[in-house]
Every structure is written in structure tokens, then in C-alpha cells.
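Residues per chain are reported as follows:
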Amino acid sequence: MSVSVPAPVPVPAAAQSSAAAQRPGAAEPAPPRPAREGPAAAVMLVVGFVLLSLNTRVAFGQLGPLAPVAGFGTGTLTLLGLLPPLCMGLFAPLAATARRRLGEERGLFWASALLLAGAVVRILGLPGLFIGTVLVSIATAVVNVLIPVFVRSRFEPRRAGVMMGVYALSMGVGSALVAALMVPVWEASGHSWRTAIGLAAVPAALAALGIAPQLRHAGRGAEPGAARTGVPSGAGAVGTGVPGSAGTRAGDTRARAGGAGVGKGGDRSGRTGRLDGLAWSLIAFFGLQTLLFYTTLAWLPAILVDAGVAKGTAGGMQSLFILGVAIGGFLTPVLAAARTDQRPHLFGVLLVCALGYAGLLVAPASAPALWAVVLGAGLGGGQAVAGVLYVKRGRDHDHVAALSTVAQTGGYLIAAAGPVTASVLHAVTGTWTAPLFAFVGVLLLSTVASLRAGHDRPAAGPAPVAGA
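Notes on the structure follow. Remember, predicted model here, so these are calculated numbers, not experimental data.

Conventions we followed
- Residues numbered from 1 in each chain as written.
- Predicted model: local features only at pLDDT ≥ 70, side-chain atom pairs only at ≥ 80, totals over all residues.
- Heavy atoms only, no water.
- Helix = DSSP H or I, 4+ residues; strand = E, 2+ residues; numbered from the N terminus.
- Buried < 20%, exposed > 50% of the residue type's maximum accessible area, 1.4 Å probe, protein only.
- Contact = heavy atoms within 4.5 Å.
- Areas by Shrake-Rupley, 256 points an atom, 1.4 Å probe, with all protein chains shown as cover.
- Patch = residues over 30% accessible without salt bridge, like charges linked within 9 Å, V, L, I, M, F, W, Y side chains within 5 Å.
- Salt bridge = Lys/Arg side-chain N within 4 Å of Asp/Glu carboxyl O.
- Axes fitted to C-alpha atoms, helices over the stretch in contact; angles between N-to-C directions.
- Parallel < 35°, antiparallel > 145°, perpendicular 65-115°, else oblique.
- Left-handed = near helix turned anticlockwise from the far one by under 90°.
- Nonpolar A, V, L, I, M, F, W, Y, C, P; charged D, E, K, R; others polar.
- Polar contact = N/O pair within 3.5 Å; in protein donor to acceptor, adjacent residues only side chain to side chain.

### Concerning the overall build of the chain
Thinking step 1. Of regular secondary structure, the chain possesses 18 helices and zero strands.
Thinking step 2. Of all 468 residues assigned to the chain, the portion counted as buried reaches 56%.
Thinking step 3. Partitioning the intrachain contacts of the chain with sequence separation of at least 6 by distance along the chain shows that 77% fall at a separation of at least 24.
Thinking step 4. When the accessible surface of the chain is totalled, it reaches about 18,400 Å², and 69% of it is carbon and sulfur.

What follows is the structure, encoded as C-alpha cells:
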């Protein structure tokens, strides 16, 4: 008896590509290359990016120089040091929603508008300072998450490290310039801290104006980020277990295909996935580095004053610290992005930080400018290289957004404990020696935490699933 075999049904190439991408162990398709801009559009893109970057940390660097001269109490400074990392951790997931509904360009624009509003509210007395700081921190949380995705989607892959370096450099320069003007403006305005704080509204307005021309590139539809990267509609951040991510939506199998950042995520039941070693490593490294950054930013002038440095000089050292942040923030991602293994760069950053803290422990008043710059370079490099890690470890635009969201949500919540813990240790011991030794201990933890985040998995076979 003969058996007739049905002729094979032709499968469209797009469907074949999609099916291949979903098979466990299948290689991910290369991310689409950004469309080339005309000269004028390219200039507007870079200028807008720089103006946005200049403004990102301005508000957070204002209080340090003012603290020794403006009469802020310890409780006020502690709370104002706690609010930025706490709010950025709590509201980092908001960036995923903003990206899904608005796209990167609109998300960055509206975040800039909110940051401008917060800068204005901060002028309205002490209650306004607290409320405005919360608004600025929420806006910064969105910018922090979207910037690595924006860089990957709008610039050539080979320029990702340079642009992340430009971001960190501009961020540090803007903050350093405004910080350096705090005491002179306070003195010129008859000792008005409100006038000095109000200076932050200028770069905030320039940032909103600078990013506005990019609105014409914003994707259309409910989920522009997905449409622009070739991810099916409904896909958000791939494989993280973050609400709204593809890893939590039914039918997504790529999150289980051995990709970084998730364990047992993206199953067909839609259950939230568990984070894998890469995600935890990114959270721990970024969180510990950010804890040190914001704690040092809040208390460096007080540490120097206790060591015998004049109040005005200590405020000036804050500006040098932020200048060091700009230098380290530019050089580290540029160097790290050129390699596939970033562990040597991460260890180098931690050694520079250790040198700065050792200087503050041994001879704080002998060379405060040197310690401020060295410490700023180390901590600035640690902050900036995290963006390179998201871009290098992410498979596509959505996965970069997922890693950035997860790392910054957990990382900033870890960092929020820093300023308060340092204040308590200082109050209990009556000296800054104990907090500084604690900072060195945090560096040791960060060394261990960075091991997984600093390199790709071996290419042989699919990555193991956490908890399998």
C-alpha cells in the first residue's frame, strides 16, 4: 500500500528566523545597526545627549559645598543624602513603563521636564528642598535606565563605550561646575542657599531643550521600543522577571534560552522569573559602588572639616571630587568597552578607590585635593562602567533595558543605606575613622561581586539556568 506524503508547506523567512531565535541555545540575531543620521541631525543628537548628561547629577552635588557654610543640620543632610538613592531604586522600574509606552526619546524628554520642575520646587524653602529632591530623583531614575538603551539604539555599536564615557564626563563636569559656584553664589546673594540651589534650574532647562529635537525619532504605537528593535509587540525588557518584561509574558521562550540576567523566567504560565548570577552580580557591584559614591558625596566635606581643613576649602574639595568623577567616568568606559572582559578595569577602579580612602584615613589634611580627585576618579569610573556592562552583557536593546532596570532598582536600594549608616557610625564613634574603614570593607565585597558581571559566559552551549 502506498502512502502519500504531503508536500512541505513553505515557511516565510521571517517566521524561520523567529523560530530559530526561540530555540534553546540558538544564537541571537545581531542587533540592528542604527540608521545613519545626516550631519545636522547627528550634531543635534550629540549636543542634546551632552546637555542631558550635563544635568543628570547637578542637583545632587549642590549640598556638599553648602553644608559647611549654610547651617544645614545633620538630620537634614542625612535625609537629603538618603532620598536620591532610595527614590532612584524605588522608581527605576518606572523607566520600563516609560520606555514601553513612550519610547526612549519621549521618556528622556519627559524625565528632563520633571527634573526641571523638581529643580524649581527645591527653591521653595526647606519643605520644597525635600519634595524637589524626590522629584529630581524620580526623573534621574528614568534617565539612568534609559541612557544605556538610548546609546545602543542611536549610536554605532563601536561607539558605545565612547558615548557612555561622554555621558559620565558631561555628568561630572556639569555637577562640578555648579558645585564650584555654590559658595560664591551663596556669598554674593547675601547668604541665601535658595538662590544657590536655584542655579540647578539653568542646566535642567537646557537639558529639556536639548533632547526635545529627538522627539521626531520617537517610535509610534503603544510600544515603540519593541517596534524599533524587531521584538514582537508586547515585549518589554527581555528575561528579567521585571513587571512588563518579555520574560514575564506568555509565549516568550528566549528568556529560557540561556540568556543572561534571568533564571527560569519567561515560562508559558507568565510567572515572574528568578534572577541569575549575572543579574545578582550587576546588582551587587552597582549597588556597592553607588553606596560609596553617594555616601562620599554627602559626607566628604564633613570628613575633611573634622580633619582640620577649613570649611570653605572643604567645600571646594567637593568640586574637585566631582571633577575626578568626570575624569574617571570618561576614561573607564572608553577603555572597558574595547575589551570583551571588563574584570581588569573593574579591579583597577576598586584599587583607585582604595587609594583614595587610604589617603583620607592616613593623611586627610595633608593633601585633601589629591585624595578628592583620586577618590572621585575611582568612584566615577565605577559608576560609569556599569553602563558598559549593561550594553556588553545584553543581547539586544530590550535586554539592555532589563539589565539596567534590575541592576539600578536593587543597586540604588542598597546604596540608600550608605549615608545613614555612615552618619550613625560617626555619631557612635565620634570620628570618621570607623566609616572610612567600613568603606574599605565595602570595596572588598565589591571586588567579589564584580566577578560575574565583568565577563561573558563561555560560548559553548546554552548558559545554565539558575536553580535548575
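### A look at a nonpolar patch on the surface
Thinking step 1. A cluster of nonpolar side chains, contributed by Leu90, Phe91, Leu94 and Leu413, occupies part of the molecular surface with about 330 Å² of accessible area.
Thinking step 2. Counting through the fold element by element, Leu94 comes out in helix H5 (residues 94-102).
Thinking step 3. Leu94 gets classed as partly exposed once you look at its relative accessible area, which sits at 39%.

### Focus: the packing of H5 against helix H7 (residues 125-154)
How two helices pack is summed up by the angle between their axes together with the distance between the axes.
Thinking step 1. Running from amino to carboxyl end, H5 crosses H7 at an angle of 60°, the nearest separation of the two axes being 8 Å. Judged by the angle between their axes, H5 and H7 are oblique. The handedness of the crossing between H5 and H7 comes out as right-handed. Residues Leu94, Ala95, Ala98 and Arg99 of H5 touch H7, and the partners they reach there are Ile138, Ala141, Val142, Val145, Leu146 and Val149.
Thinking step 2. Grouping the constituent residues of the contact of H5 with H7 by class yields nine nonpolar, no polar and one charged.

### Brief notes about the packing of helix H14 (residues 343-362) against helix H18 (residues 433-453)
Thinking step 1. Axis separation between H14 and H18 bottoms out at 10 Å; the angle between their running directions is 175°. With respect to H18, the element H14 is oriented roughly antiparallel. Residues Arg343, Leu346, Phe347, Leu350, Cys353, Ala354, Tyr357, Leu360 and Leu361 of H14 lie in contact with H18, whose contacting residues are Thr433, Leu436, Phe437, Phe439, Val440, Leu443, Ser446, Thr447, Ser450 and Leu451.
Thinking step 2. In the contact of H14 with H18, the residues fall into 14 nonpolar, four polar and one charged.

### Quick notes on the side chain of Thr140
Thinking step 1. By the secondary structure assignment, Thr140 is in helix H7.
Thinking step 2. Within the structure, the side chain of Thr140 is placed 2.7 Å from the backbone oxygen of Val136, a separation counted as a polar contact.
Thinking step 3. When residues no more than four places from it in sequence are discounted, the contact partners of Thr140 are Thr56, Arg57, Phe60, Met88 and Leu115.

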